[in-house]
Amino acid sequence: MKADIALLPGDGVGLEVTACAVEVLRAVASRGGHEFQFHEHLIGGAAIDAHGDPLPPSTLAACKRADAVLLGAVGGPKWSDPNAKVRPEQGLLGLRAALGVYANLRPVRVHSELVRFSPLKDEKLRNVDLLFVRELTGGAYFGAKTRSAEAATDEYRYTTPEIERAARRAFEFARSRRRHLTHVDKANVLETSRLWRSTVERIARDYPDVKLEHQLVDSMAMLLLTRPSTYDVIVTENLFGDILSDEAAALAGSLGMLPSASLGDGKVGLYEPIHGSAPDIAGKGLANPLGTILSAALLLRYSLGLEAEAKAVQVAVDSVIAHGTLTRDVGGNASTKEVGAAVQKALVKQ
Ligand code: NAD
Ligand code: IPM
Ligand code: MN
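Report follows, based on the coordinates. Note on numbering: residues in each chain are counted from 1, in written sequence order. Chains carry letters from A onward and ligands carry numbers from 1 onward, assigned in written order. Selection of residues for local features in this predicted model requires a pLDDT of at least 70, selection of side-chain atom pairs for listing and counting requires 80 or more, and totals for whole chains, interfaces and linings are taken over all residues. Here the side-chain values reflect all heavy atoms present in the structure, with hydrogen atoms and water set aside.

### Considering the overall build of the chain
Here is the rule: Secondary structure is summarised from DSSP: a helix means a run of H or I of at least four residues, a strand means a run of E of at least two, and numbering begins at the N terminus for each. By the convention used here, residues are in contact when the closest approach between their heavy atoms is within 4.5 Å. In short, Shrake-Rupley with a 1.4 Å probe defines the accessible areas, and a residue's cover is counted only from the protein chains shown. Positive charges come from Lys and Arg, negative ones from Asp and Glu, while His and the chain ends are left out of the count. Throughout, a charge is located at the NZ atom of Lys, the CZ atom of Arg, the CG atom of Asp or the CD atom of Glu.
Looking only at helices and strands, one finds 12 helices and 12 strands in the chain. The dimensions of the chain, computed from C-alpha atoms along their principal axes, are 50 × 50 × 40 Å. Expressed as a percentage of contacts within the chain between residues at least 6 apart in sequence, the contacts between residues at least 24 apart total 76%. Approximately 14,900 Å² of the chain is accessible, and the part contributed by carbon and sulfur atoms is 53%. Charge separation in the chain, taken as the distance between the mean sites of 41 positive and 42 negative side-chain charges, equals 3 Å.

### Brief notes about the site of ligand 1
To keep things clear, this is the line we draw: The cutoff for a nearby residue is simple: one of its non-hydrogen atoms must lie within 4 Å of the molecule or strand. By the criterion applied in these results, polar contacts are pairs of N or O atoms within 3.5 Å in which, for protein atoms, one can donate a hydrogen and the other can accept it, and in which residues neighboring in sequence qualify only through two side-chain atoms. Amino acids outside the nonpolar list (Ala, Val, Leu, Ile, Met, Phe, Trp, Tyr, Cys, Pro) and the charged list (Asp, Glu, Lys, Arg) are all regarded as polar, and Gly is one of them.
Around ligand 1 there are 20 residues in total, and Val74, Glu89, Gly276, Ala278 and Asp280 lie nearest to it. Within the contact set of ligand 1, an oxygen atom lies 3.1 Å away from a backbone nitrogen or oxygen of serine 277. The side chain of aspartate 280 places a nitrogen or oxygen atom 2.8 Å from an oxygen atom of ligand 1. Burial of ligand 1 by the surrounding chains reaches 69%, relative to a free accessible area of 800 Å². Class assignment of the residues belonging to the shell around ligand 1 gives a composition of nine nonpolar, seven polar and four charged.

### Observations regarding the nonpolar core
For clarity, the cut-off: Take the buried residues of types Ala, Val, Leu, Ile, Met, Phe, Trp, Tyr and Cys, join any two whose side-chain atoms come within 4.5 Å, and each joined set is a nonpolar core. Summary of the burial criterion: residues with accessible area below 20% of their type's maximum are buried, those above 50% are exposed, and those between are partly exposed, where the area comes from a 1.4 Å probe applied to protein chains only.
Core analysis: the largest hydrophobic core is formed by 90 residues, its most contacted members being Phe36, Leu70, Leu130, Leu290, Ile293, Leu300 and Val313. With residues up to four places along the chain from it excluded, the contact list for leucine 300 reads Leu25, Val28, Phe36, Gly305, Leu306, Glu309, Ala310 and Val313. Judged by nonpolar contacts, the second largest core, of 17 residues, contains Cys63, Ala66, Val69 and Leu270.

So, in structure tokens, the structure goes:
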């Protein structure tokens, strides 16, 4: 098949990890007789430096035209002045909104070889297999903002249709997995959470085969570490999903391990690791590229419908982990490029 992939390396380690994922996708293409074209564009801090705009119109137009978007990370200390007029992160938020990718999937699997890099005990990590469905285009991220010398506000708003579409996606995924959905909110305090709770309850009537439970976010932050294997699909609003999924990275051993797929009702999906630009290790060849490579696997699955190829990439990643060709964050001494090359080699060998 032919596919156009918009490539947005962004800032910091984004450049290093996307380069590896592109090499893996090229290997997938030559192995399967596919033709993938990559078109690289600026986003985030790099786009501010070049154009004064974190999401230049040419980047957005290219993403809308593409079959899928593969993104590294945006941001960094250079652009993080709290008084700055424009920030790299606005580019990413603008892209998510413009593509309408309201459902952010963040799967969390624990590889037995990496258990020792988690602060949790082995027995807690057995059988951990989670899927976060994070609402991505609403809530505190997208409400009106005000700022004066003495005060600041972030409007926190959700509408029923926004909640319904995210909840339906989550119920559908739960149905295809272990039929258990945990909805996380702060309904004891927030009005938006009470709207989420009643809307999720209503949608649940269409999914009587899925067991639904509600959990308050503060206790969920603890339960995720004390009994992670008891959860299956976790659906939650934008901000809670952001925080809990980084917390869940501690189960997988490193933030660098976790991929994501952002989907909407349109054809274009956005694929990125869940981590940021990691300024502390950027440019040193230390970044773990596996989260981005696994995001490329999700791209093959959800945007290109290439399920066998997606599985092949996952199997190649598993074998590289078993073999121990890993970056420092997961106990290895391989460079970013060496890990990427090892995945490519494992893929070609299959
Ligand atoms: P971060 O995710 O960049 O880094 C947190 C810690 O995890 C750091 O110690 C870093 O070295 C480590 N880490 C992250 N990715 C890694 C990888 N692939 N391999 C090994 N270690 C890795 O979070 P931060 O430091 O809070 O944020 C830095 C910048 O990144 C900020 O400007 C933030 O806004 C931005 N950010 C962007 C995205 C994105 O583009 N999707 C996501 C999160 C943060
Ligand atoms: C993420 C990041 C982003 C978010 C930032 C960079 C806007 O933390 O993708 O998880 O909060 O969504
Ligand atoms: Mn985040």
